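# Analysis of the macromolecular model
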Amino acid sequence: MILNFSKNPLRQIVGIVFWNRYNFLFFVVCAAVAFVTHHYYEFNLPPIPVSILGGALAIFLGFRNSSAYDRWWEARKVWGSVVNNSRSLGLELITYPIGSTEAHKEEIDIWRKTAILRHIAWLYALKASLRKQKVDLSQFLSENEINSIQGKQNLPAQILVLQGNAVEYAFEKGWIEEFRFNALIGTLKKFYDDQGKAERIKNTVFPFYYNYFTLFFLWLFTMSLPFALVGLMNSWWMIPMSILISFAFFILNKSGVITETPFQGTAADTPMSHICRTIEIDLLQMIDTDEAKMPSPLPTNMGRFGVEFQD
């Protein structure tokens with residue numbers, strides 16, 4: 001998730017121009033061609049049809065950006081729910097099991113730590129699944145658990161099955177009563193809900209016709225705009241004006257394209273790595289993990305031209 005383009009306004013402008021340089025060049029060429037053809041051949045387009053086209057394009061862009069932001073915000077709410085439910089699960093794992101003897105207490109402590117690590121494995125497996133990446137869970141899962149889920153299509157879902165089996169084991173051992181058993185299973189169901197919502201956002205493609213016709217009208221408008229402006233302004237000032245207006249429409253479309261895919265792993269996406277590390281630290285501190293073994297919070301990344309973002 002991008003936090004800031006740059007604290008230096010000049011670097012902001014340079015960065016924006018650099019990352020959109022080919023489109024800027026296209027707008028410059030269109031404006032220059034329009035100015036030359038009008039100067040030598042007195043060719044220009046009537047402004048009213050072009051303005052109507054711009055209005056239609058603005059409607060498409062407005063709907064597309066609104067829908068794209070809804071997808072991005074829903075993705076962030078899903079991971080906000082993962083954070084809250086993860087802390088609730090940690091609290092339940094810490095407070096629910098009760099051992100009657102010292103031997104039971106030691107066994108429960110091992111079971112509790114294993115369950116916490118298993119949930120951290122689920123977090124990183126879900127992140128990797130949404131980003132279509134490979135993940136190494138050997139530091140969180142035992143060898144038997146890794147072998148049991150190896151080759152399965154949906155690793156996060158299988159890890160929750162392991163977690164459910166562990167809760168059932170604790171219930172059969174008498175460490176938790178039926179009410180608390182049902183509460184823990186209910187919390188695990190919430191993680192299934194969160195995972196399903198995230199997968200729905202990931203796998204639901206934005207309607208093709210909105211993408212296609214928005215892009216089609218965008219290029220038609222940016223190519224025809226300078227030929228309409230040159231007849232109105234009849235001056236070389238129409239070149240920078242045409243470039244600015246074309247770029248404004250282009251950047252609105254680009255912002256929608258970037259925002260509509262919140263799990264692609266780009267700088268503008270939901271910061272799942274940052275969120276997973278935050279939850280990991282919270283849960284490990286609940287089981288009094290040694291500070292020397294505690295992972296550090298992920299730092300803010302610094303990209304080209306001073307862009308600050310969280311992965």
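In this report, we go over the structure that sits alongside the text. The numbering scheme is per chain: residues are counted from 1 as the chain's sequence reads. It should be noted that, the model being predicted, local features are given only for residues of pLDDT at least 70 and side-chain atom pairs only at 80 or more, the latter also being counted only at that level, while totals for whole chains, interfaces and linings use all residues. Only hydrogens and water are removed before side-chain values are computed, so all heavy atoms of the structure are retained for them.

### So, the overall build of the chain
Heads up, the rule is: Helix and strand assignments come from DSSP, with helices taken as H or I runs of at least 4 residues and strands as E runs of at least 2, each series counted from the N terminus. Throughout, the radius of gyration refers to the C-alpha atoms, and the reference size of a globule is 2.2 Å times the residue count to the power 0.38. When a residue's accessible area, from a 1.4 Å probe over protein chains only, is under 20% of the maximum for its type it is buried; when over 50% it is exposed; and in between it is partly exposed. By definition, residues are in contact when any of their heavy atoms lie within 4.5 Å. Computed with a 1.4 Å probe, the accessible areas rest on the Shrake-Rupley method; for each residue, only the protein chains presented here act as cover.
A count of helices and strands for the chain gives 10 helices and 3 strands. For the chain, the sequential pattern of α-helices and β-strands runs β-α-α-α-α-α-α-α-α-α-α-β-β. The C-alpha radius of gyration computed for the chain amounts to 27 Å, which surpasses the reference 19 Å derived for 311 residues by more than 25%, pointing to a less compact arrangement than a globule. Reported as C-alpha extents along the three principal axes, the dimensions of the chain are approximately 95 × 40 × 30 Å. Of all 311 residues assigned to the chain, the portion counted as buried reaches 41%. Within the chain, residue pairs in contact and separated by at least 24 positions form 76% of the contacts whose partners lie at least 6 positions apart. When the accessible surface of the chain is split by element, carbon and sulfur atoms take 62% of a total near 17100 Å².

### A look at the packing of aromatic side chains
Note the threshold: Pairing of aromatic side chains requires ring centres within 6.5 Å, counting the rings of Phe and Tyr and the six-membered ring of Trp. Pairs whose planes differ by under 30 degrees are stacked, by over 60 edge-to-face, and all others tilted. Charge over a ring is defined by NZ of Lys or CZ of Arg lying within 6 Å of the ring centre and within 35 degrees of the ring normal.
In this structure the tally under the stated criterion is 22 aromatic pairs. Here the aromatic rings of Phe221 and Phe249 are separated by 4.7 Å at their centres, their planes lie at 50°, and the arrangement is tilted. Here Phe221, found in helix α8 (residues 208-233), pairs with Phe249, found in helix α9 (residues 238-259); they are 28 residues apart in sequence, far enough to count as distant. Counting every residue linked through ring pairs, the aromatic cluster contains Phe24, Phe26, Phe27, Trp219, Phe247 and Phe250. Above the ring of Phe18, the side-chain terminus of Arg21 is found at 4.1 Å from the ring centroid.

### Points about the pattern of salt bridges
Stated formally: Salt bridges are counted wherever a side-chain nitrogen of Lys or Arg sits within 4 Å of a carboxyl oxygen of Asp or Glu.
Taken as a whole, this structure holds 9 salt bridges when the rule is applied. Between Glu260 and Arg64 there is a salt bridge, with its nearest N and O atoms 3.3 Å apart. Taken together, the positions of Glu260 in the loop between α9 and α10 (272-286) and Arg64 in helix α3 (residues 47-95) put the pair 196 residues apart, joining distant regions of the chain. Across this residue pair, the class does not change: Glu260 and Arg64 are buried. Here Glu280 and Arg277 are joined by a salt bridge, their closest N and O atoms 3.4 Å apart. Residue Glu280 and its partner Arg277 are both found in helix α10; the two are separated by 3 residues, about one turn of the helix. Judged by its relative accessible area of 5%, Glu280 falls in the buried class.

### What to know about unusual backbone geometry
At Glu42, a position not held by glycine, the phi torsion is positive, near 55°. Structurally, Glu42 is set in the loop between α2 (21-41) and α3. Of note, Lys132 is a non-glycine position whose phi angle comes to about 55°, a positive value. Note on placement: Lys132 falls in the loop between α4 (102-130) and α5 (143-149). In this structure Lys132 comes out as exposed when scored by relative accessible area, which is 63%.

### Section: the nonpolar core
Put simply, the rule reads: The nonpolar core is taken to be a set of buried Ala, Val, Leu, Ile, Met, Phe, Trp, Tyr and Cys residues, with the residues joined through side-chain atoms within 4.5 Å.
By size, the foremost hydrophobic cluster in this structure holds 49 residues, and its most contacted members are Trp79, Ile120, Trp122, Ile159 and Phe263. Elements with a contribution of two residues or more to this core: α3, α4, α6 (155-172), α7 (178-203) and α10. Among the elements that take part in this core, α4 stands out by supplying 13 residues, more than any other. Formed by 19 residues, the second largest nonpolar core is a distinct cluster that contains Phe221, Phe227, Met238 and Phe249.

### Quick look at the environment of Phe43
Residue position: Phe43 is located in the loop between α2 and α3. Put simply, Phe43 and Pro240 are 197 residues apart on the chain and 19 Å apart in space, counted from C-alpha to C-alpha. The residues contacting Phe43, other than those within four sequence positions of it, are Thr37, His38, Phe227 and Val230.

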